[in-house]
Amino acid sequence: MGHYGGVTTARSSGSWDGSGRFRRAVRSVGHALRAPFSGTARSIRKATHAHGAGESGLGKLIELHAVNGAGDVLITVALASTVFFSVPTDQARGRVALYLAITMAPFTLLAPVIGPLLDRMPHGRRAAMAGAMLARALLALTMSGAVATGGLELYPAALGVLVASKAYGVVRSAVVPRLLPPRFSLVKANSRVTLAGLLATGIAAPIGAGLSRVGPAWPLYAAFCVFAGGTFLAFTLPHKVDSAKGETKATLLDREGRKPSLRTVGVSVQNGLYANAALRALSGFLIFFLAFLLREHPLAGQSAAVSLGIVGVSAGVGNALGTAVGSLLKARGPEVLIVTMLTIALGAAVLAAAFFSGPMVAVLGATAGLTQALAKLSLDAMIQRDVPEEVRTSAFARSETLLQMAWVLGGAIGIALPLNGILGMSVASALLALGAVVSVRGLLGAARRGTPRPRVA
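Model, not experiment: these values are computed from the prediction.

Definitions and cut-offs
Residues numbered from 1 in each chain as written. Predicted model: local features only at pLDDT ≥ 70, side-chain atom pairs only at ≥ 80, totals over all residues. Heavy atoms only, no water. Salt bridge = Lys/Arg side-chain N within 4 Å of Asp/Glu carboxyl O. Helix = DSSP H or I, 4+ residues; strand = E, 2+ residues; numbered from the N terminus. Buried < 20%, exposed > 50% of the residue type's maximum accessible area, 1.4 Å probe, protein only. Axes fitted to C-alpha atoms, helices over the stretch in contact; angles between N-to-C directions. Parallel < 35°, antiparallel > 145°, perpendicular 65-115°, else oblique. Left-handed = near helix turned anticlockwise from the far one by under 90°. Contact = heavy atoms within 4.5 Å. Patch = residues over 30% accessible without salt bridge, like charges linked within 9 Å, V, L, I, M, F, W, Y side chains within 5 Å. Areas by Shrake-Rupley, 256 points an atom, 1.4 Å probe, with all protein chains shown as cover. Expected span 1.5 Å × (residues − 1). Bend = angle between axes of the 7 residues up to and from the residue. Phe/Tyr/Trp six-rings, centres within 6.5 Å; stacked < 30°, edge-to-face > 60°. Core = buried A, V, L, I, M, F, W, Y, C linked by side-chain atoms within 4.5 Å. 1 Å grid on protein atoms, 1.4 Å probe; cavity = no way out; pocket = protein on both sides within 12 Å on 5 of 7 lines; lining within 4 Å. Points joined across faces, edges and corners; volume = space filled by probe spheres on them. Nonpolar A, V, L, I, M, F, W, Y, C, P; charged D, E, K, R; others polar. pLDDT = per-residue confidence, 0-100. Polar contact = N/O pair within 3.5 Å; in protein donor to acceptor, adjacent residues only side chain to side chain.

Q: Quick question: what am I supposed to make of the pattern of salt bridges here?
A: Proximity of charged atoms lets side chains of opposite charge pair with each other. Scanning the entire structure with this criterion turns up 2 salt bridges. Measuring nitrogen to oxygen at the nearest pair gives 3.0 Å for the salt bridge that ties Asp-72 to Arg-136. With a gap of 64 residues between them, Asp-72 in helix α3 (residues 58-85) and Arg-136 in helix α5 (residues 125-144) connect regions that are remote in the sequence. Using a relative accessible area of 18% as the deciding quantity, one classes Asp-72 as buried. The exposure class of Arg-136 is buried, given its relative accessible area of 0%.

Okay, here's the thing in structure tokens:
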């Protein structure tokens, strides 16, 4: 019996050892599969939380904005596949015009109202950002049922997405000053946040394109998941973002001059807004005009989709480069920098009109992205410098609204214009020239004189 028992014990031990080796092997495989993702997550967290951003809470806002950018581009890919690529050019032009009429036109009326409404709830900023994420998650599901047919019910949902996206952007602008790490300028903080959004957009765009090949609704399913995660992530922001200590509301119109407003902070901010509006109008114009132009007349040897991709990537690279450069620049002489960016963009547009070709269009797209990013960062620097702290967050909300309206105007012009490349680039030049006429003199004059800090009545 002992011998038999010994044999039995040996077999049991061997079986146990085999089972243990199997479990260890499974754990090793699981660790190997998780390692790239966990390592990537740690690297991302290390980058977003660097230089005190983790302690101040800015790192969490950077991550939230990356989620926002990824979700928005997934919805954009789904809409583009339905409204633009799925039908012939003439029909697509009508659909996009309808999209502008049903979504963008009401949005221009709603956008100026969003900022003041959100100003009334400074103690609920985390909830507002979470609400904007949740609204887009639910709207993505709503659109998933209509995206295959392109029915009219798609457009009100798209309007809702735009409004929610704008609401998020306004609140984000108000939150950034509350999360500045020590020795961090607002320009540098905004650059970090914006760059994270651009990188996330660049990653999510090809994923969305791949999902759209599976089915038109799949990018929207992915957007739902992304925004659902963003809803919970918004509540992880520090409680201090809900603080309104020391803040008052800025207004656009103050005829008696007794309240701080964008019209009482000096010529630098006013003219900086005009110049940035011209660059933002250029962006909207190029997006819509080139979308139809390159679909009808692709770049030499390329398909319409590849042609649009080349120009889109050029603009994205330019925007990312401008944001990265802006994070390294010191906030000195923003007036001169804005004038320089406007001049460079105007020069590129004039060259594209005079020597119209595919490469010149790509160069203009990259230039537009670069100059828009640096000019916007410079405008942020001037608002930081010239607007009193107690009204600065509200001023950011108003400036964002005005720039969004300029983008809509530029897009509307791009839709209405005949598909002639030279004519289009000439119109782009005219938009920038108009911006230069109304802003350059004031900006350079303010740079020579120096801008005194405004008095709060």
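This is not the end of the story, as more comes after the structure.
Q: Which parts of the structure should I look at to understand the environment of Ile-203?
A: Position of Ile-203 relative to the elements: it lies in helix α7 (residues 186-214). Residue Ile-203 is classed as exposed on the basis of its relative accessible area, which comes to 56%. C-alpha separation for the pair Ile-203 and Ala-70, spaced 133 residues apart in sequence, amounts to 7.6 Å.

Q: Quick question: what am I supposed to make of the packing of helix α11 (residues 334-354) against helix α12 (residues 358-386) here?
A: The axes of two packed helices give the description: the angle between them and the distance between them. Relative to each other, α11 and α12 sit at 165 degrees, their axes nearing to 9 Å. Between α11 and α12, the interaxial angle falls into the category roughly antiparallel. Crossing angle aside, the handedness with which α11 passes α12 is left-handed. Contact with α11, carried on its side by Pro-334, Glu-335, Leu-337, Ile-338, Met-341, Ile-344, Ala-345, Ala-348, Ala-349, Leu-351 and Ala-352, involves Met-360, Leu-364, Thr-367, Thr-371, Leu-374, Ala-375, Ser-378, Leu-379, Ala-381, Met-382 and Arg-385 of α12 and no other residues of that element.

Q: I keep staring at a nonpolar patch on the surface and nothing clicks. Help me out?
A: Judged by side-chain polarity, Leu-141, Val-214, Trp-218 and Tyr-221 come together as a nonpolar surface patch covering roughly 390 Å² of accessible area. Mapping Leu-141 onto the fold places it in helix α5. Residue classification places Leu-141 among the partly exposed positions, given a relative accessible area of 37%.

Q: Which parts of the structure should I look at to understand helix α9 (residues 267-296)?
A: Each α-helix winds once per 3.6 residues, and so residues spaced three or four apart point in a common direction. End to end, α9 covers 43 Å across 30 residues, agreeing with the expected 44 Å (1.5 Å per residue, within 8%). Of all the bends in α9, the greatest measures close to 30 degrees and is centred on Leu-290. Counting buried residues in α9 gives 24 out of 30 residues, a clear majority hidden from the surface.

Q: How should the packing of aromatic side chains be read in this particular structure?
A: The relation between two aromatic rings is expressed through the spacing of the ring centres and the mutual angle of the planes. Applying the stated criterion to the full structure yields 3 aromatic pairs. Ring centres of Trp-218 and Tyr-221 lie 5.4 Å apart, and the angle between their planes is 85 degrees; on these two criteria the pair is classed as edge-to-face. With Trp-218 and Tyr-221 both in helix α8 (residues 218-234), this residue pair falls 3 residues apart, about one helical turn. Relative to Phe-289, the ring of Phe-285 lies with its centre 5.2 Å away and its plane at 10 degrees, an arrangement referred to as stacked. Note that Phe-285 and Phe-289 are positioned in helix α9 at a spacing of 4 residues, about one turn of the helix.

Q: Explain the nonpolar core here, please?
A: Here is a general trend for soluble globular proteins: nonpolar side chains tend to be buried in one another's company. Residues Phe-285, Leu-286, Leu-290, Leu-342 and Met-425 are the most contacted members of the largest nonpolar core, which totals 46 residues. Those elements that place two or more of their residues in this core are α9, α10 (304-328), α11, α12, α13 (389-416) and α14 (421-449). Per-element tally for this core: the top contributor is α9, with 13 residues. Not counting residues within four places of it along the chain, the set of residues in contact with Leu-286 comprises Ala-291, Leu-364, Ala-368 and Met-425. Core analysis: the next-biggest nonpolar cluster, separate from the first, contains 45 residues, Ala-70, Ile-75, Ala-158 and Ala-196 among them.

Q: Help me understand empty space enclosed by the protein in this model?
A: Remark: the empty space left among the atoms is shown by a probe the size of a water molecule rolled over them. Under the defined criterion, the tally for this structure stands at 1 cavity of 30 Å³ or more. If you add up the space inside the largest cavity, you get close to 40 Å³. Mapped by element, the contributors of at least two residues to the lining of the largest cavity are α6 (154-175), α12 and α13. By residue class, the composition of the lining of the largest cavity is 1 nonpolar, 2 polar and 4 charged.

Q: Which parts of the structure should I look at to understand the confidence of the model for the chain?
A: Low pLDDT marks regions whose predicted coordinates should not be analysed in detail. Here the chain averages 76 in pLDDT, and 66% of its residues register 70 or above. Taken together, the stretch residues 32-41 has pLDDT below 50 and engages in 1 contact with residues farther than four places along the chain or on a different chain. Below pLDDT 50 for its whole length, residues 452-457 participates in 15 contacts with residues either more than four positions away or in separate chains.

Q: Even after reading the chapter, I still don't get the environment of Leu-141, so can you show me in this structure?
A: Between the alpha carbons of Leu-141 and Tyr-221 there is a distance of 6.6 Å; along the sequence they are 80 residues apart. With near-sequence residues (within four places) excluded, Leu-141 lies in contact with Tyr-221 and Phe-224.

Q: Is there a simple way to think about the side chain of Ser-144 in this case?
A: With respect to the helices, strands and loops of the structure, Ser-144 is situated in helix α5. Under the relative-accessibility criterion, Ser-144 is labelled buried at 13%. A polar contact is formed between the side chain of Ser-144 and the backbone oxygen of Leu-141, at a distance of 2.5 Å. Setting aside its immediate chain neighbours within four residues, Ser-144 contacts Ala-217, Leu-220 and Tyr-221.

Q: Help me understand α6 in this model?
A: Taking 1.5 Å per residue as the helical rise, α6 with its 22 residues ought to reach 32 Å, and the 32 Å between its terminal C-alpha atoms agrees with that figure. Across the 22 residues that make up α6, a large majority, 17, are buried.

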